[in-house]
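These are the residues of each chain, in order.
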Amino acid sequence: MPSPARSEYEWPTLALLAATYLIWCLTTIHAQSIGPLAIPVLALTMTMHSSLQHETLHGHPLPNRTLSVALVFPALGLLVPYGRFRDLHLTHHKDATLTDPYDDPESAYFAPEMYSTLSGPMKKLLEFNNTLLGRMLVGPALGIEAFYRTELQLLRARSRQVWMDWGLHVPAVALVVLWLLTMGQIEWWAYLAAVYMSQSILKIRTYLEHQAHEQVSGRSVIIEDRGPLALLFLNNNLHSVHHAHPAVPWYDLPRLYRSRRQQYQARNRGYVFAGYGEIFRRYLVARKEPVIHPLPGRNRP
């Protein structure tokens, strides 16, 4: 199915960007007056900013890609350079390798030989991480540690692209720090708590976005949620639809899904949930899948 026609300037996305930056600025400036509520407000704002970065790396919201990227600099969540997010996520969109623990940089699975080298306590931690509660509590720490470990290896190997991405990220983050030092009224521990909380919220989205399945089309989820989380994740809950049409803007995904709902559900082999409430009920303290990739051929000789 061809992507729906859209205007050159995607005003819903631009409006969300403006609102996101406005809320972030006002919250950091008035954090002392807002009190503890500033932490979750900032966390939600950072989560939305991450979702908007995701839109940008797929070619939105302006016809000029450089200007679009400039709109989402710097990373309010501090931790991940935009360029690294872009390159890793676009690699993840190679559907033939989805969920592969080696070839999919967003896979949560381990290959058997990778898992066998881990200590007993780490295996227990990863089992806890495969529950939704664990993914939200320890998932951000595990994910960031693994990301930085790999990034350090690439930097030591003198990867030119990785050095360039970090070289752009550091001064951009310095602008956030400068703002917080000169205009902000929020304590550093509170801002970092918001950063971690934002990563935790994002783990709700990524928790079951993909499953191990023999058929490529059966690996991406559909969550028929139309509530606050769907907006926060910019309809990425319709993930199978997004993978089928990555160039379609977020606000067109629900209409696209409704137009061929049965076909999309048949295509993704019925990997469908009614909403995030169902996911919390079923998987808050229960593991959805094993830590080791359950299909053969996902290990290296």
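Criteria and thresholds
- Residues numbered from 1 in each chain as written.
- Predicted model: local features only at pLDDT ≥ 70, side-chain atom pairs only at ≥ 80, totals over all residues.
- Heavy atoms only, no water.
- Helix = DSSP H or I, 4+ residues; strand = E, 2+ residues; numbered from the N terminus.
- Rg over C-alpha atoms; globule rule 2.2 N^0.38 Å.
- Buried < 20%, exposed > 50% of the residue type's maximum accessible area, 1.4 Å probe, protein only.
- Contact = heavy atoms within 4.5 Å.
- Areas by Shrake-Rupley, 256 points an atom, 1.4 Å probe, with all protein chains shown as cover.
- Lys, Arg positive; Asp, Glu negative; His and termini not counted.
- Charge placed at Lys NZ, Arg CZ, Asp CG, Glu CD.
- Arc of directions from axis to C-beta.
- Core = buried A, V, L, I, M, F, W, Y, C linked by side-chain atoms within 4.5 Å.
- Axes fitted to C-alpha atoms, helices over the stretch in contact; angles between N-to-C directions.
- Parallel < 35°, antiparallel > 145°, perpendicular 65-115°, else oblique.
- Polar contact = N/O pair within 3.5 Å; in protein donor to acceptor, adjacent residues only side chain to side chain.

Draft legend 1. Main features of the overall build of the protein chain. A count of helical and extended segments in the protein chain gives 16 helices and two strands. Scaling as 2.2 N^0.38, a compact globule of 301 residues should have a C-alpha radius of gyration of about 19 Å, and the protein chain matches this with 19 Å. Considering only C-alpha atoms, the protein chain reaches an extent of 55 × 50 × 40 Å along its principal axes. The buried share among the 301 residues of the protein chain stands at 48%. Sequence-distant contacts, at least 24 apart, represent 72% of the contacts inside the protein chain between residues at least 6 apart. Accessible surface, the protein chain as shown: approximately 14700 Å² in total, 64% of it carbon and sulfur. Looking at charge distribution, the protein chain has the averaged site of its 28 positive side-chain charges lying 3 Å from that of its 22 negative ones.

Draft legend 2. Geometry of helix α16 (residues 276-283). The set of residues buried in α16 consists of Y276, E278, I279 and Y283. The buried side chains of α16 occupy one side of the element, clustering within an arc of 150° when seen end-on. Tucked inside the fold, the buried residues of α16 contact α8 (132-137), α11 (188-206), β1 (222-223), α12 (228-232) and β2 (272-273).

Draft legend 3. Inspection of unusual backbone geometry at higher detail. Residue P61 is bonded to the preceding H60 through a cis peptide linkage, with omega at -5°. Tracing the chain through its elements places P61 in the loop between α3 (38-57) and α4 (65-71). P74 follows F73 through a cis peptide bond whose omega is -5°. The topology assignment puts P74 in the loop between α4 and α5 (82-92). One non-glycine residue, L78, lies in the positive phi region at around 70°. The residue R269 is not glycine, and still its phi comes out positive at about 60°.

Draft legend 4. Focus on the side chain of T47. The topology assignment puts T47 in helix α3. Apart from residues lying up to four places away in sequence, T47 is in contact with S198, I201, L202, L232 and F233.

Draft legend 5. Representation of the nonpolar core in the model. Grouped together as the largest cluster of nonpolar side chains are 43 residues, with contacts concentrated most on Y191, L208, F273 and I279. In terms of residues, this core owes the most to one element, α3, which gives eight residues. Sequence-distant contacts of I279, defined by excluding residues within four places in its chain, comprise L132, Y207, L208, I223, F273 and L284. In this structure, V241, V248, L253 and Y257 belong to the second largest nonpolar core, which totals eight residues.

Draft legend 6. Spotlight on the environment of M164. With respect to the helices, strands and loops of the structure, M164 is situated in helix α10 (residues 160-182). Of the residues examined, M164 reaches a relative accessible area of 43% and is grouped as partly exposed.

Draft legend 7. Main features of the packing of α5 against α10. Packing of α5 against α10 brings their axes to within 7 Å, and their N-to-C directions diverge by 135°. One element, α5, and the other, α10, form an angle in the oblique class. Mapping the contact onto sequence places G83, R84, R86 and D87 in α5 and Q161, V162, D165 and W166 in α10.

Draft legend 8. Looking closely at the side chain of H89. Looking at the secondary structure, you find H89 in helix α5. For H89, the side chain forms a polar contact with the side chain of E106, separated by 2.8 Å. Discounting chain neighbours no more than four positions away, the residues touching H89 are H54, L57, H58, E106 and H242.

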